[in-house]
Amino acid sequence: MPRLTLKGLSKSYGPVKVVDNVDLTLQEGEFVCLLGPSGCGKTTTLRMIAGFVEPTEGSISMDGEVFSAPGAVLPPERRRMSMIFQSYAIWPNMTVAENVAFGLKLQKLSSADVRDRVAQILKVVQMSHLADRYPAELSGGQQQRVALARAIVVKPAVLLLDEPLSNLDANLREEMRFEIRRLHDEFRITTVYVTHDQSEAMATADRIAVMNAGRIEQVDAPHLIYARPRTRFVAAFIGRTNLLAGHVANGEIGLDGFALPTAQLGEAVPDSARPILLSVRPQSMALHRSRPQAHDGRPVLSAVVAQRTYLGESWDYVVHPQQSGLQLRVTAPPLQVHEVGEAVWLEIDPQQIAVVA
Amino acid sequence: MTETAAILPKAAAEEARRPAWLRRLRYLEPSNLLWILLVAALLFLVAVPIGKLLIVSFEQQGTGAFTLSNYATAYGRARYLEALANSLMLGALSSLLSVIFAVPMAWAVSRTDMPGKGFTWAIVMGAFIMPPYLGAVGWILLAGPNSGFLNQAWTWLTGLQAPLVNVYTFFGLALVIALHSFPLIFIFVKSALDLVSSEMEDAANILGAGTSTAMRKITLPLVWPAILGGIIVVFLETVALFGTPAIIGIPARINVVTTQLWQFFEYPVRVEVAAAYAMPLLLITVGMITVQKLLLARKGFVSQTGKGGERRPIKLGRWRWAVLGYCGFVGALAVVMPLMVLLQASFAKAWGRGLAWSNLTFENYAYLLFRHEMALTSIWNTLWFSAAAATAAVCIAVLVAYIVARKLVPFGSALAFLAMAPFVIPGIVMAIGFYAAYAAPPIALYGTALIIILAFTARFLPIAFANSAAAVRAVHPEMEEAARILGGGRLRTIARITAPLIIRSLIGGWLIVFIVASRELSAAVFLVGPRTRTMAVLLYDLSEAGNFEVLAAFGGLLLALTLILVAIGMKLAGRDFMLRRN
Amino acid sequence: MRGMSRRGLLASAAIIGSGGPAMRAAAQDLPAHERELYEAARREGEITWYSGQQSAETSEAVGRAFGERYPGVHVNVVRSTSQVAFQRLSQDMRAGVAQCDVFSSTDYSHSTFLKQQGRLMPYTPRNAAGLLEFVRAAGDPDGHFHIFYIGVHLISRHTGQVPEAEAPRSWQDLLDPKWRNKLAVGHPGFSGAIGAWAVLMRKLYGWDYFTKLEKNRPQIGRSSIDPVTMLSAGERQVGVAVPSATALLAISRGNPQSLIYPTDGTVVVPSPSCIQKNAPHPNAAKLFMEYATGPEYFRVTRRYFSESLRQDVPPPDGAKPLDSIKLILPTPQDIEAGVPEVKEQWRDTFGI
């Protein structure tokens, strides 16, 4: 039985539908990220899971028991969940230890047990030495660790995180990202993590649910979300890509100015005549000064450099294939320098091309 | 449907068969019940008295039949209309004088390097906590045309018989009122000035404007909404004030709305006419708020420009002493001089005999404390009425503020509106509404402590609400959600998380309500019975008992009590707890 | 209830037993008619007195003195303003409870109203025979209510600023333009006594008296006591219709004032007291009536500068005996019909 099931979940405020027919299932111990741009409904979904928001349609159940349905919402305190908030919500009137102990005391544990478990979890998050400090005396990262400890120490059935790293500076964010994953690996708590930052999602999640305009567009493992986007939105939102519209006919995909045999693609394309949308990542193409040896029959096109931007780790070129109206972004290593207007050869790796639709 | 039933566990499936409302009941939060109680409380405290006032104004005495004759009576005499006009003029003059007192002081404290800012704060605080009717008595002692200390000193200095100042004039009345109202404008304007960035003035300076031009053209216009808001509050307070006009206005032969209302309460009591006569006060209030909205609708003001930029004190040079002198002057008028004469009188055998060892006595205090029939009772009444009213007001206010801030119920803003409504209802109108609604059977609260406590609660609910709303807003909702998701119910969360976080602010709010209630006269004077007189009412009664020495001593007791409370407040809720603007 | 009265009896027996000869002597000194009532009253043990007369301090002193004279009979003094006392009595009546034995107010109409309603117990105290004649006459001929308190209102002057030779002698003298800005007076809207005084002035001289008085710009206070304060302060020089008791108190405190008994009549306002028909302690109430019309009562109240209404008790220090001066007093009809009228006329004339 799945730990958490969202079934046809919707939430409307007046005529505005913020969450639209969301289905999602989490197995026990799974870590799922809700990823999407701001306003896509991911936080509302999370707050419905927590019991703070009543759904307009659909249901949420945990271990088979319905927790939320329209008109019948189990209050948050009876859901055996815990949550980490964007603002951390560390209570300023309690010390670090008191903050962490709060949930345990509500579970009516003996004070010895409470003490032991608080000490243990503070050690895990490396905060033992600050147990008696008040939150005002802590840095942002330290407060974040307290929030983590407070949420994990109660051994929740589901852990919810709402943009937990958005208030941290870049270096700390990266560190905490690994910390969160490390804690998950250690405790295997079923986790729903909301973020708009795809690298955060990639680094932490077992599966990512990409949301847009209230709907889930795709749920998949992080590398598949990147390599095999199934909607135009996912392809464009995750990483950078070139979206190419084409047409399938006679075992070939006809594109503007050139064609690809369907057999060369990494996934099967049904051979019926229809329009098709391809996602070609800039990394899946290469530029050459002279015509390369076309191994495995990879397509090679002659092109002209139209624009270039140096990004530090790589060059970002925009090239213009001859006899085509296309503009393609291509990534190249720092030392591979081409001038604007230079004629180049463009090599495409069809294995990495994703069929979006 | 069958599929759903299969997914639902057994208990839930049973639930589904029950009527919908019963199912909802299981998930009902206690807050919904509380909401109903609060609506009832607010209706009882605010809507019913005002509604009753409105209804009664159209009722015939005795029969309750519909009639317009109350309005005909209330506005049928030139004298009554004149009182109305007097009130309006008095309100305007007092507001103007208050602005003249308050704005330069606020500017000096907020924007300049004037020395003695602590002293200026003390003056404002002193003027704020001194009950206005006590100041009025002080000013009678100071500026009675023949006997006042100021006039006697003037005669002694110049040999002129004509008095220098006469408190028994329209201007005298307005001045005395303004001297105890200006702190309201000060608080408003100072907090607005604190938000004006120095860069605003720098920008004017760099274009060639001097300090005073920058102040006139840039700084003051930016805080205009605060000044206007202050003017409106002072105007409304003045129009609704009873004590000072009764003490000074009657000898000065100035009849105002409140003293006229009092006349309608003489035997036989004509509540119906009083209700009809109170209506313009409500209309004026509504009108002023509308005017304020219209005036401020278009321009951007400091409240919108936010906190950006740094703030530097303006260097005044030699002028700093002149500015301090002005503050000292206002302080002398508002606090020091009235307080000195009152203290002198309270320790005098006969205050007319002036300062002399042979005139010194503790008898006035001893009489009040040990032999007066009502003094101790009234002190006790004051303490517990005020405490009860403050507790009730803060409890209701914090619950409403919480429910509104957390959007726990639909139409929460209606609750907030009701809680804030008494702000625009003059205290005396409120009291008459309470009298009309609850004095007579079947409720028959006349002469009980309860009716006074309820009236105080309603009257000061807005203060408590503004305070509580600010306190609740300061607590991020996630603070509570964090506790709930860890297993704390709504009530436990409030007790363990929210309450500790807002308790300091609430104590401050409680004390403010307590202090203003302990000196409230306008509402109390219509509602007290023989054994429920408060200090303010007894002080008012003493003012017609012909013994200024005892009156002054009682005023001294009231002030001592207030000072103790203020000291407690500063200790518990911060030094500026009374002058903070929420 | 029986337990209570027995305990009261035991207590009084104990007091008499331990109090020794002096106490017993005091009881034996009582005139026969009082002793009889006292025996009955002692069984009742207490009496409740609603009063709007006198000051609180004086009322309490009367209660104490009564208890000393008649050991074992305690007076519950419920002192308030007259209107409130009457309101309290009305509430008792409506609720059907009998709490009040003796009711005293400064408003004549209260007692006439109660008499009309058949609420009063007629009783004419023997001691009333010793009251001044005009006082006796102002009481109810049928014995339903009696007078043992009157307000006496006259003129007072600031002795430092108004020498005796220049002082006004009568109410008429106050209209002299030389008193412009020098007079002080109360307000009939606030003070019943001032209302009564205004009714009498109107009766004697017509309302014209007040239009002329207005030309002298008197300072208007609220209570009839206010002018005393104004004189003490030196704010005004002549007090109009001031109550003698308050003025005498101020004089005793060293304020430079002196009373003037107007030649056209000192205003007295008789204030009646009555026993309730349903009085829970009827004998004690009768005894109280005897006491309050007898000399002991006035010996106590004159210490607080209340007027003596008996020939055998001298007036308070500084006051003239009332039977030696010309008095004018309003009839009950004057008060009932006249006061509401003069209030309105006053406001039209004085603008306040």
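Residues numbered from 1 in each chain as written. Chains lettered and ligands numbered in written order. Predicted model: local features only at pLDDT ≥ 70, side-chain atom pairs only at ≥ 80, totals over all residues. Heavy atoms only, no water.

1. Observations concerning helix α19 (residues 363-371) of chain B
Piece 1. Every buried residue of α19 of chain B is listed here: N364, Y365, Y367 and L368 of chain B. End-on, the buried residues of α19 of chain B take up no more than an arc of 160°, which puts them together on one face. (Buried < 20%, exposed > 50% of the residue type's maximum accessible area, 1.4 Å probe, protein only. Helix = DSSP H or I, 4+ residues; strand = E, 2+ residues; numbered from the N terminus. Arc of directions from axis to C-beta.)

2. A few points about the nonpolar core
Piece 1. Within the largest apolar cluster, 286 residues are counted, with the highest numbers of intra-cluster contacts made by L4 of chain A together with F434 and F554 of chain B.
Piece 2. L4 of chain A has contacts with L24, T25, L26, I49, I60, S61, M62, M81, V158 and V192 of chain A, leaving out every residue within four places of it along the chain.
Piece 3. In this structure, F66, L89, F148 and L248 of chain C belong to the second largest nonpolar core, which totals 66 residues. (Core = buried A, V, L, I, M, F, W, Y, C linked by side-chain atoms within 4.5 Å. Contact = heavy atoms within 4.5 Å.)

3. A word on the UniProt feature "domain: ABC transporter" (unreviewed entry) in chain A
Piece 1. Mapped onto this numbering, the UniProt entry gives "domain: ABC transporter" (unreviewed entry) at residues 4-238 of chain A.
Piece 2. Helix makes up 36% of residues 4-238 of chain A and strand makes up 28%, while its end C-alpha atoms are separated by 26 Å. (UniProt positions renumbered as here; feature names shortened; annotations may be inferred.)

4. Quick notes on the pairing of strand β1 (residues 46-51) of chain C
Residues and elements named next belong to chain C.
Piece 1. Of all six residues making up β1, five are buried, and the element is well covered by its neighbours.
Piece 2. In terms of strand pairing, β1 meets strand β2 (residues 74-79) through six bridges, oriented parallel. Opposite T48, over in β2, you have N76 as the bridge partner.
Piece 3. At this point the chain moves from β1, through helix α3 (residues 56-69), to the parallel β2, and the crossover so formed is right-handed.
Piece 4. Sheet topology note: the β1/strand β3 (residues 102-104) ladder contains three bridges and is parallel. Paired with S51 across the strands is S104, a residue of β3. (Pairing = 2+ DSSP bridges. Right-handed = clockwise from strand over helix to strand, strands pointing away.)

5. So, the interface of chain A and chain B
Piece 1. Taken residue by residue, the interface counts 35 residues in chain A and 25 residues in chain B.
Piece 2. Summed over both sides, the interface between chain A and chain B buries roughly 2600 Å², with carbon and sulfur atoms accounting for 64% of that surface.
Piece 3. Inspection of the region where chain A meets chain B yields two salt bridges.
Piece 4. Here R47 of chain A ties to E481 of chain B by a salt bridge, and the two come within 2.6 Å at their closest N and O atoms.
Piece 5. When contributions to the side of chain A that touches chain B are tallied by element, the ones reaching two or more residues are α1 (42-50), β5 (65-69), β6 (72-73), β7 (81-84) and α2 (96-106) of chain A.
Piece 6. Here the residues of the side of chain A that touches chain B are counted per class, giving 20 nonpolar, seven polar and eight charged. (Buried area = accessible area lost by both parts, 1.4 Å probe. Salt bridge = Lys/Arg side-chain N within 4 Å of Asp/Glu carboxyl O. Nonpolar A, V, L, I, M, F, W, Y, C, P; charged D, E, K, R; others polar.)

6. So, the sheet that holds β6 of chain A
Residue and element names in this part refer to chain A.
Piece 1. The five strands are arranged β2-β1-β4-β5-β6 in an open sheet whose pairing can be described as antiparallel. Strand pairing shows two members of the sheet lacking a second neighbour, β2 (16-26) and β6, which therefore form its edges.
Piece 2. In this structure, β5 lies alongside β6, joined through two bridges in antiparallel fashion. Paired with A69 across the two strands is A72, which belongs to β6.
Piece 3. Sitting on the sheet, α1 is in contact with β1 (4-13), β2, β4 (57-62) and β5, with an inclination near 120° to β1. (Axes fitted to C-alpha atoms, helices over the stretch in contact; angles between N-to-C directions.)

7. Some details on the domain arrangement of chain A
All names here are of chain A.
Piece 1. Split into domains, chain A comes out as domain 1 (4-228) and domain 2 (240-355).
Piece 2. Centre-to-centre, using C-alpha coordinates, domain 1 lies 40 Å away from domain 2.
Piece 3. In this complex, domain 1 contributes four residues to the contact, which on the side of domain 2 involves eight residues.
Piece 4. Here domain 1 meets domain 2 over a buried area of about 410 Å², counting both sides, of which 34% is carbon and sulfur. (Domains from an automatic or database assignment.)

8. Topic: the domain arrangement of chain C
Residues and elements named next belong to chain C.
Piece 1. Here the domain parsing of chain C yields domain 1 (2-150 + 271-320) and domain 2 (151-268 + 324-350).
Piece 2. Facing 16 residues of domain 1, the contacting portion of domain 2 comprises 16 residues.
Piece 3. Summed over both partners, the interface of domain 1 with domain 2 buries about 1200 Å², with 73% contributed by carbon and sulfur atoms.
Piece 4. Contact with domain 2 buries surface across domain 1, with F134, F305 and K320 losing the most and accounting together for 45% of the total.
Piece 5. Inspection of the region where domain 1 meets domain 2 yields zero salt bridges.
Piece 6. At the boundary of domain 1 with domain 2, the tally comes to two residue pairs in polar contact (both at pLDDT 80 or more). (Polar contact = N/O pair within 3.5 Å; in protein donor to acceptor, adjacent residues only side chain to side chain.)

9. Description of a positive patch on the surface
Piece 1. Together, K105 and K108 of chain A together with R492 and R496 of chain B make up a positively charged patch on the protein surface.
Piece 2. In this structure, K105 of chain A sits in helix α2.
Piece 3. For K105 of chain A, a relative accessible area of 46% puts it in the partly exposed group. (Patch = residues over 30% accessible without salt bridge, like charges linked within 9 Å, V, L, I, M, F, W, Y side chains within 5 Å. Areas by Shrake-Rupley, 256 points an atom, 1.4 Å probe, with all protein chains shown as cover. Lys, Arg positive; Asp, Glu negative; His and termini not counted. Charge placed at Lys NZ, Arg CZ, Asp CG, Glu CD.)

10. Topic: the interface of chain C and chain B
Piece 1. Counting residues at the interface gives 38 residues for chain C and 40 residues for chain B.
Piece 2. Approximately 3400 Å² of surface area, both sides summed, lies buried where chain C meets chain B, with 44% of it carried by carbon and sulfur atoms.
Piece 3. A salt bridge links E214 of chain C to R253 of chain B, with the nearest nitrogen and oxygen atoms 2.7 Å apart.
Piece 4. The interface formed by chain C and chain B contains eight residue pairs in polar contact (both at pLDDT 80 or more).
Piece 5. Secondary structure elements with two or more residues in the side of chain C that touches chain B: α3, α4 (82-95), β6 (219-220), α9 (226-233) and α13 (332-350) of chain C.

11. Some points on the packing of helix α6 (residues 78-111) of chain B against helix α18 (residues 319-346) of chain B
Residue and element names in this part refer to chain B.
Piece 1. At their nearest, the axes of α6 and α18 sit 10 Å apart, and the two run at 135° to each other. Classified by the angle between their axes, α6 and α18 sit oblique to one another. In this structure, the crossing between α6 and α18 has a hand that is left-handed. Seen from α6, the contacting residues are I100, F101, P104, M105 and A108; seen from α18, they are V323, Y326, C327 and V330.
Piece 2. For the contact of α6 with α18, the class distribution of residues is nine nonpolar, no polar and no charged. (Parallel < 35°, antiparallel > 145°, perpendicular 65-115°, else oblique. Left-handed = near helix turned anticlockwise from the far one by under 90°.)

12. Comments concerning a nonpolar patch on the surface
Piece 1. Among the surface-exposed residues, W224, V291 and L295 of chain B lie close enough to one another that they form a single nonpolar patch of about 270 Å² accessible area.
Piece 2. Inspection of the secondary structure puts W224 of chain B in helix α13 (residues 224-239).

13. Quick word on the environment of G118 of chain B
Piece 1. Looking at the secondary structure, you find G118 of chain B in helix α7 (residues 117-129).
Piece 2. Residues G118 of chain B and A495 of chain B, spaced 377 residues apart in sequence, show a C-alpha to C-alpha distance of 37 Å.

14. Points about the arrangement of the chains
Piece 1. Contacts are most numerous, across the two pairs of chains in contact, for chains B and C.
Piece 2. In this view chain A stays clear of chain C, with the nearest C-alpha atoms of the two still 53 Å from each other.

15. Focus: the sheet that holds strand β9 (residues 190-195) of chain A
Residue and element names in this part refer to chain A.
Piece 1. The strand order across the open sheet formed by six strands is β7-β8-β9-β3-β10-β11, and the pairing between neighbours is mixed. Sheet topology places β7 and β11 (215-220) at the edges, where each strand pairs with a single neighbour. Averaged over neighbouring strand pairs, the angle between their axes works out to 20° when direction is ignored.
Piece 2. By the bridge criterion, five bridges tie strand β10 (residues 207-212) to β11 in an arrangement that is antiparallel. By the bridge assignment, V210 is partnered in β11 with Q218.
Piece 3. Together, β7 and β8 (158-162) form the strand contacts of helix α4 (residues 140-152), whose direction differs from that of β7 by roughly 175°.

16. Topic: α4 of chain A
Piece 1. With 13 residues, α4 of chain A extends 18 Å between its outermost C-alpha atoms, agreeing within 8% with the 18 Å of an ideal straight helix rising 1.5 Å per residue.
Piece 2. Within α4 of chain A, 11 of the 13 residues are buried, which leaves the element mostly enclosed by the surrounding structure.
Piece 3. Close packing links the buried residues of α4 of chain A with β7, α2, α3 (111-124), β8 and α5 (170-187) of chain A together with α24 (477-485) of chain B. (Expected span 1.5 Å × (residues − 1).)

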